[in-house]
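Each chain, letter by letter, is given below.
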Amino acid sequence: MSTASATVLVLGVLGLAVGTYLLRLAGIVLRGRRTLTASAERTMDVAVAVVFVALVATSAFPDGVTSSGLALPAGVLVAGVLAWRRAPFVVVVVGAAAVTAVLRLLGAA
């Protein structure tokens, strides 16, 4: 990698980091100053559910992984159900990992 391309890469990462920080800061600063309409609130609720389902679906069946068998989709399903039930993040991760590990141990990989 040349010095110029490394510089562009570093500047790009720094730009994204600053942009992310400013977006989060704007959310904190503007909270309570603006109110959403009931229609916008419903749309946001539906959007969160759609993004969550898309994340679960793409995680359960990654592209290029041919030997995952049943273990990976089952682990992702468990993580999705635990997250939907509002379990703590650590419980979601450990639950998904445990289910995946047990199924792989039993030969379901």
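In this text, all values refer to a predicted model and were calculated from it rather than measured experimentally. (Residues numbered from 1 in each chain as written. Predicted model: local features only at pLDDT ≥ 70, side-chain atom pairs only at ≥ 80, totals over all residues. Heavy atoms only, no water.)

Caption draft 1: Just the overall build of the protein chain, in detail. A tally of helices and strands in the protein chain yields four helices and zero strands. N-terminal to C-terminal, the α/β element order of the protein chain is α-α-α-α. Taking 13 Å as the expected radius of gyration for a compact globule of 109 residues, we find that the protein chain reaches 20 Å, considerably beyond that expectation. Structurally, the protein chain occupies a C-alpha span of about 50 × 50 × 25 Å along its principal axes. Out of the 109 residues in the protein chain, the part that is buried amounts to 14%. Summarising the internal contacts of the protein chain: among those between residues at least 6 apart in sequence, 51% fall at separations of at least 24. Element-wise, carbon and sulfur atoms account for 73% of the exposed surface of the protein chain, whose accessible area totals about 8700 Å². (Helix = DSSP H or I, 4+ residues; strand = E, 2+ residues; numbered from the N terminus. Rg over C-alpha atoms; globule rule 2.2 N^0.38 Å. Buried < 20%, exposed > 50% of the residue type's maximum accessible area, 1.4 Å probe, protein only. Contact = heavy atoms within 4.5 Å. Areas by Shrake-Rupley, 256 points an atom, 1.4 Å probe, with all protein chains shown as cover.)

Caption draft 2: Local environment of helix α3 (residues 71-84). Taking 1.5 Å of rise per residue, the 14 residues of α3 would be expected to cover 20 Å, and the 20 Å separating its terminal C-alpha atoms lies within 8% of that figure. Buried residues of α3: A71, L72, P73, A74, G75, V76, A79 and G80, and no others. Of the surrounding secondary structure, the elements contacted by the buried residues of α3 are α2 (38-60) and α4 (89-105). Looking one or two residues beyond α3, the residue adopting positive phi is R86, at roughly 65 degrees. (Expected span 1.5 Å × (residues − 1).)

Caption draft 3: Representation of the packing of aromatic side chains within the structure. Inspection of every chain in the model, using the stated rule, returns zero aromatic pairs. Its end group placed over the ring of W84, R85 keeps NZ or CZ at 6.0 Å from the ring centre. (Phe/Tyr/Trp six-rings, centres within 6.5 Å; stacked < 30°, edge-to-face > 60°. Lys NZ or Arg CZ within 6 Å of the ring centre and 35° of its normal.)

Caption draft 4: Quick look at the UniProt feature "transmembrane region" (unreviewed entry) in the protein chain. The sites that carry the UniProt feature "transmembrane region" (unreviewed entry) are, in the present numbering, residues 6-30, 42-61 and 89-107. Within the segment residues 6-30, helix and strand shares are 100% and 0% respectively, and the terminal C-alpha atoms sit 36 Å apart. In this annotation, residues 89-107 is assigned 89% helix and 0% strand; the end-to-end C-alpha distance for the span is 27 Å. (UniProt positions renumbered as here; feature names shortened; annotations may be inferred.)

Caption draft 5: Structural view of the environment of A101. With respect to the helices and strands, A101 occurs in helix α4. Residue classification places A101 among the partly exposed positions, given a relative accessible area of 44%. Separated by 75 residues in the primary sequence, A101 and A26 place their C-alpha atoms 41 Å from one another.

Caption draft 6: Summary view of the packing of α3 against α4. Interaxial distance between α3 and α4 falls to 8 Å at its minimum, and their mutual angle equals 155 degrees. In terms of orientation, α3 lies roughly antiparallel with respect to α4. Helix-helix and strand crossings are classified by hand; for α3 and α4 the assignment is right-handed. Contacts from A71, L72, A74, G75, V78, A79, L82 and A83 in α3 reach V91, V92, G95, A96, V99, T100, L103 and R104 in α4. (Axes fitted to C-alpha atoms, helices over the stretch in contact; angles between N-to-C directions. Parallel < 35°, antiparallel > 145°, perpendicular 65-115°, else oblique. Left-handed = near helix turned anticlockwise from the far one by under 90°.)

Caption draft 7: Local environment of unusual backbone geometry. Of note in this structure, R86 is not a glycine but carries a positive phi near 65 degrees. One can find R86 in the loop between α3 and α4.

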